[in-house]
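Commentary on secondary and tertiary structure
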Amino acid sequence: MPPRDRREHDRIGALPDELLHLVLSFLPSHESVRTCVLARRWLYLWKEVTALRLTGGFDEWGDEACRGKVVRFVDSFFRLRRDGVPLEYCEFDFDFDSQGFSTDEEHDGRWIKQALRCKAQELKICMMELGILPYMSLISQHLTI
């Protein structure tokens, strides 16, 4: 039996970019970014994902360096994603209480503003300590109810 072409086995990679963007948008963002190592075609797919999902307790990010990793990841996510690709969904779910992790007003406020600049249609903010959110107006013509 002759060896099969590798492309014949890559059925997921054969899907159109729009469908792959949709699939990636359901993953936690750090997982969707990790797909860039799968193949050359996947290198930039995450940059056009229409959702930022920063969720969970981040046990998988490590322990002591967790805060720095999360801050660098979110900053890089916003800096490196494609201009003009709106965020349909943006979720910040910081359940770091058990690890002694908390973000600060500077980062939280900057990330929320960046999400709004990316025309986020839905913005979900869940934090164990709501007192850390900065006082700011969340007004955007793109947010939907």
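Rules and cut-offs
- Residues numbered from 1 in each chain as written.
- Predicted model: local features only at pLDDT ≥ 70, side-chain atom pairs only at ≥ 80, totals over all residues.
- Heavy atoms only, no water.
- Helix = DSSP H or I, 4+ residues; strand = E, 2+ residues; numbered from the N terminus.
- UniProt positions renumbered as here; feature names shortened; annotations may be inferred.
- Buried < 20%, exposed > 50% of the residue type's maximum accessible area, 1.4 Å probe, protein only.
- Arc of directions from axis to C-beta.
- Phe/Tyr/Trp six-rings, centres within 6.5 Å; stacked < 30°, edge-to-face > 60°.
- Patch = residues over 30% accessible without salt bridge, like charges linked within 9 Å, V, L, I, M, F, W, Y side chains within 5 Å.
- Areas by Shrake-Rupley, 256 points an atom, 1.4 Å probe, with all protein chains shown as cover.
- Salt bridge = Lys/Arg side-chain N within 4 Å of Asp/Glu carboxyl O.
- 1 Å grid on protein atoms, 1.4 Å probe; cavity = no way out; pocket = protein on both sides within 12 Å on 5 of 7 lines; lining within 4 Å.
- Points joined across faces, edges and corners; volume = space filled by probe spheres on them.
- Nonpolar A, V, L, I, M, F, W, Y, C, P; charged D, E, K, R; others polar.
- Core = buried A, V, L, I, M, F, W, Y, C linked by side-chain atoms within 4.5 Å.
- Contact = heavy atoms within 4.5 Å.
- Lys, Arg positive; Asp, Glu negative; His and termini not counted.
- Polar contact = N/O pair within 3.5 Å; in protein donor to acceptor, adjacent residues only side chain to side chain.

**Concerning unusual backbone geometry**
The phi dihedral of Lys119 falls on the positive side, at around 65 degrees, and the residue is not glycine. Positionally, Lys119 belongs in the loop between helix H5 (105-117) and strand S3 (122-127).

**Description of the UniProt feature "domain: F-box" (unreviewed entry) in the protein chain**
Listed under "domain: F-box" (unreviewed entry) in the UniProt record, and renumbered for this structure, are residues 15-48. Note that residues 15-48 is 44% helix and 0% strand, and that its end C-alpha atoms are spaced 15 Å apart.

**A closer look at helix H2 (residues 17-25)**
Burial in H2 covers these residues: Leu20, His21, Leu24 and Ser25. For H2, the angular spread of buried residues about the axis comes to 140 degrees, placing them on one side.

**Section: the packing of aromatic side chains**
Pairs of aromatic rings are described using the distance from one ring centre to the other and the angle between the two planes. Scanning the model with the defined rule gives four aromatic pairs in all. Judged by centre distance (5.9 Å) and plane angle (40 degrees), the rings of Trp46 and Phe77 are tilted. Here Phe77 lies in helix H4 (residues 66-80) and Trp46 lies in the loop between helix H3 (29-34) and strand S1 (51-54), a separation of 31 residues in the sequence. Each member of the pair, Trp46 as well as Phe77, carries the same accessibility label: buried. A centroid spacing of 6.2 Å and a plane angle of 40 degrees characterise the contact between Phe73 and Phe77, whose relative ring orientation is tilted. Note that Phe73 and Phe77 are positioned in helix H4 at a spacing of four residues, about one turn of the helix. The exposure classification of Phe73 matches that of Phe77, with both residues buried.

**Here's the deal with a nonpolar patch on the surface**
Where nonpolar side chains cluster on the molecular surface, the patch consists of Leu19, Leu22, Val23 and Phe26 and spans about 380 Å² of accessible area. Along the chain, the position of Leu22 falls in helix H2.

**Some words on the pattern of salt bridges**
Counting across every chain of the model gives six salt bridges. Note that Asp75 and Arg110 form a salt bridge whose closest N and O atoms lie 2.8 Å from each other. A residue pair is termed long-range when its members are at least 10 positions apart, and Asp75 in helix H4 and Arg110 in helix H5 qualify at 35 residues. Exposure remark for Arg110: the relative accessible area of 26% places this residue in the partly exposed category.

**Side note on the layout of surface pockets**
Within this model, the largest pocket holds a volume of roughly 160 Å³. In terms of residue class, the lining of the largest pocket is made up of four nonpolar, two polar and five charged.

**Thoughts on the nonpolar core**
With 19 residues, the main nonpolar core has Leu52, Val74, Phe78, Leu87, Cys90 and Phe92 as its most contacted residues. Counting only elements with at least two residues in this core, the list comes to S1, H4, strand S2 (89-94) and H5. Sequence-distant contacts of Leu87, that is, excluding residues within four places in its chain, are made with Val49, Thr50, Ala51, Leu52, Phe78, Arg81, Ala115, Cys118, Lys119, Ala120 and Gln121. If you look at the next biggest cluster of nonpolar residues, it comprises five residues, including Leu20, Leu24, Leu45 and Val49.

**Some words on the side chain of Lys47**
The residue Lys47 is located in the loop between H3 and S1 in this model. The side chain of Lys47 sits in the buried core without any salt bridge; Glu48 is the nearest counter-charge, 9.3 Å away. If sequence neighbours within four positions are ignored, Lys47 has contacts with Leu80, Arg81 and Arg82.

**Quick look at the side chain of Arg53**
On the secondary structure map, Arg53 appears in strand S1. With a relative accessible area of 17%, Arg53 lands in the buried category. A polar contact is formed between the side chain of Arg53 and the backbone oxygen of Ser25, at a distance of 2.6 Å. Sequence-distant contacts of Arg53, that is, excluding residues within four places in its chain, are made with Ser25, Phe26, Leu27, Pro28, Ser29, Tyr89 and Glu91.

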